[in-house]
Amino acid sequence: MIGLIASFHTIIYAQGRQIYSLSRAGYFPRALSITHGTRKTPHLAMVAGAVVALIVMCVICTAWRTAPASSRHAAQHAVFGAMISYIMQALSFILLRKKFPNIARPYKSPFGVVGAALTMLIALVTIYFQLSDPVYRAA
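What counts and what doesn't
Residues numbered from 1 in each chain as written. Predicted model: local features only at pLDDT ≥ 70, side-chain atom pairs only at ≥ 80, totals over all residues. Heavy atoms only, no water. Helix = DSSP H or I, 4+ residues; strand = E, 2+ residues; numbered from the N terminus. Buried < 20%, exposed > 50% of the residue type's maximum accessible area, 1.4 Å probe, protein only. Contact = heavy atoms within 4.5 Å. Areas by Shrake-Rupley, 256 points an atom, 1.4 Å probe, with all protein chains shown as cover. Expected span 1.5 Å × (residues − 1). Arc of directions from axis to C-beta.

Draft legend 1. Representation of the overall build of the protein within the structure. Within the protein, the regular secondary structure consists of 5 helices and 0 strands. For the protein, the N- to C-terminal ordering of α and β elements is α-α-α-α-α. Across the 139 residues that make up the protein, the buried fraction comes to 21%. Here the contacts in the protein between residues at least 6 apart in sequence split such that 53% fall between residues at least 24 apart. In the structure as shown, the protein presents an accessible area of about 10100 Å², 72% of it carried by carbon and sulfur atoms.

Draft legend 2. Helix H4 (residues 112-131), seen in detail. The end-to-end C-alpha distance of H4 is 29 Å, a good match for the 28 Å that 20 residues give at a rise of 1.5 Å each. Residues Gly 112, Gly 115, Ala 116, Met 120, Ala 123, Ile 127 and Gln 130 constitute the buried set of H4. Projected down its long axis, H4 carries its buried residues within an arc of 140°, all on one side. Exposed and oriented more than 90 degrees from the buried face of H4 are Val 114, Ile 122, Tyr 128 and Phe 129.

Here's what the structure looks like:
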């Protein structure tokens, strides 16, 4: 469950960055490319994307009651995808720290490489338990 919640946060951040980029390119309203004064994050784009995602989720949840049983396992597949994503992000973090140790970083992880390695370990354990679950394998 923690992985699923974390993947939602990652998706919100990623869609916020996409909306921000499309806004800067002129495809979306300019207001969506405004960044926060101190954090420099595209907060308006993230909020707008989250609102749209909430509306889509409500529509899907309403239609979910009539969905076939095989499509109800989508959350399990989403968690698997999230675990692969976490492994790749942690690996990228470690490689960037190793190859470019002196690069300017606006944010430094308080857990560093140890935290990234622990993230990879937790994700691998989660994938192991997913694959050992017969319900998941059937999905």
